[in-house]
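The lines below spell out each chain.
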Amino acid sequence: NTLKSNNRFQFSLNAKYTNRNINKLNDKSKDRYNTVSLPKEGVRLNKCLVNLSRRSADEAIVEGRVTINSKQAKVGDRVFKNDIIRLDGQIQQWEAIAEAKQSLPDKELDKRNFVYLKYWKPVDVTCTSDKNDKSNIISAGQFDLFPQRLFTVGRLDKESTGLILLTSDGRVNNAILS
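Keep in mind it's a predicted model, so treat the numbers as computed, not measured.

1. As for the sheet that holds strand E8 (residues 90-91)
Think of a sheet as strands paired side by side through backbone hydrogen bonds, with each pair either parallel or antiparallel.
Thinking step 1. The 4 strands are arranged E5-E4-E7-E8 in an open sheet whose pairing can be described as antiparallel. Since the sheet does not close on itself, it has two edges, and those belong to strand E5 (71-72) and E8, each with one partner.
Thinking step 2. Where strand E7 (residues 85-87) meets E8, 2 bridges bridge the pair, whose relative direction is antiparallel. By the bridge assignment for E8, Arg 86 is matched with Ile 91.

And the structure:
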């Protein structure tokens, strides 16, 4: 990775996709990835309670707060595709996340050179890539000189200033904002 910078922004060229946390799948981006099924031996239950650490998940299981297909769960239980997990009566959306942890990006995506930028947005710049908006962030930061199409990860108000991320990798937006 080559890191270049000046006083307003830093960017990485020829960056390869390596962060597994970005590899979350959702219905909109599944077609971009190799489809991966869950392991035949199942997934440990404590890995499927996504809002809890594994230790906290084990404690919740011991306390009787977790069920698998309406049956009381035990520490060390494994879950399989289409199992319904509930924590405190709330259904847990665990399958897409478990599959995402198993999957690897498509080889075609791996060959692309993604750009990741951090940019200190000045006041009176709009967080949009719309070329019709004269104050758009792409023109203001001269990011239109990049061969890749860049877009912001999130937004800042026009009147505010602060750090904003820009990238050509759509998976980043899906992972961070979903």
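2. Things to note about the pattern of salt bridges
One side chain can pair with another of opposite charge once the charged atoms of both are near each other.
Thinking step 1. This model, assessed by the stated rule, comprises 5 salt bridges.
Thinking step 2. Measuring nitrogen to oxygen at the nearest pair gives 3.1 Å for the salt bridge that ties Arg 65 to Glu 63.
Thinking step 3. Exposure remark for Arg 65: the relative accessible area of 30% places this residue in the partly exposed category.
Thinking step 4. Glu 63 gets classed as exposed once you look at its relative accessible area, which sits at 52%.

3. Description of the side chain of Ser 135
Thinking step 1. Among the structural elements, Ser 135 can be located in the loop between strand E9 (114-121) and helix H4 (137-140).
Thinking step 2. A relative accessible area of 15% places Ser 135 in the buried class.
Thinking step 3. In terms of polar contacts, Ser 135 uses its side chain to reach the side chain of Thr 126, at 2.8 Å.
Thinking step 4. One polar contact links Ser 135 to Lys 158, side chain to side chain, over a distance of 3.5 Å.
Thinking step 5. For Ser 135, the residues in contact, after removing those within four places along its chain, are Asp 124, Val 125, Thr 126 and Lys 158.

4. So, the nonpolar core
Thinking step 1. Core analysis: the biggest nonpolar cluster contains 15 residues, and Leu 45, Leu 49, Val 66, Val 79 and Ile 85 have the highest contact counts within it.
Thinking step 2. Breaking this core down by element, the ones donating at least two residues are helix H1 (54-62), strand E4 (66-68) and E7.
Thinking step 3. In terms of residue count, the dominant contributor to this core is H1 (3 residues).
Thinking step 4. Excluding anything up to four places from it in sequence, Leu 49 contacts Ala 57, Ile 61, Val 66, Ile 85, Leu 87 and Gln 92.

5. With respect to H1
Thinking step 1. Of the positions making up H1, those classed as buried are Ala 57, Ala 60 and Ile 61. The buried side chains of H1 occupy one side of the element, clustering within an arc of 100° when seen end-on. Exposed side of H1, more than 90 degrees from the buried face: Arg 55 and Val 62 are the residues found there.
Thinking step 2. Within two residues after H1, Gly 64 carries a phi angle of roughly 80°, on the positive side.

6. Focus on a nonpolar patch on the surface
Thinking step 1. Among the surface-exposed residues, Leu 165, Ile 176 and Leu 177 lie close enough to one another that they form a single nonpolar patch of about 280 Å² accessible area.
Thinking step 2. When you line up the elements, Ile 176 lands in helix H5 (residues 170-177).
Thinking step 3. Accessibility expressed as a relative area gives 48% for Ile 176, which makes it partly exposed.

7. Things to note about unusual backbone geometry
Thinking step 1. In the Ramachandran plot, Asn 82 falls in the positive-phi region, its phi being about 75° despite a non-glycine side chain.
Thinking step 2. Checked against the element boundaries, Asn 82 lands in the loop between strand E6 (78-79) and E7.
Thinking step 3. Residues other than glycine seldom take positive phi values, yet Gln 142 does so here, at roughly 60°.
Thinking step 4. Here Gln 142 lies in the loop between H4 and strand E10 (151-153).

The rules behind the values
Residues numbered from 1 in each chain as written. Predicted model: local features only at pLDDT ≥ 70, side-chain atom pairs only at ≥ 80, totals over all residues. Heavy atoms only, no water. Pairing = 2+ DSSP bridges. Helix = DSSP H or I, 4+ residues; strand = E, 2+ residues; numbered from the N terminus. Salt bridge = Lys/Arg side-chain N within 4 Å of Asp/Glu carboxyl O. Buried < 20%, exposed > 50% of the residue type's maximum accessible area, 1.4 Å probe, protein only. Polar contact = N/O pair within 3.5 Å; in protein donor to acceptor, adjacent residues only side chain to side chain. Contact = heavy atoms within 4.5 Å. Core = buried A, V, L, I, M, F, W, Y, C linked by side-chain atoms within 4.5 Å. Arc of directions from axis to C-beta. Patch = residues over 30% accessible without salt bridge, like charges linked within 9 Å, V, L, I, M, F, W, Y side chains within 5 Å. Areas by Shrake-Rupley, 256 points an atom, 1.4 Å probe, with all protein chains shown as cover.

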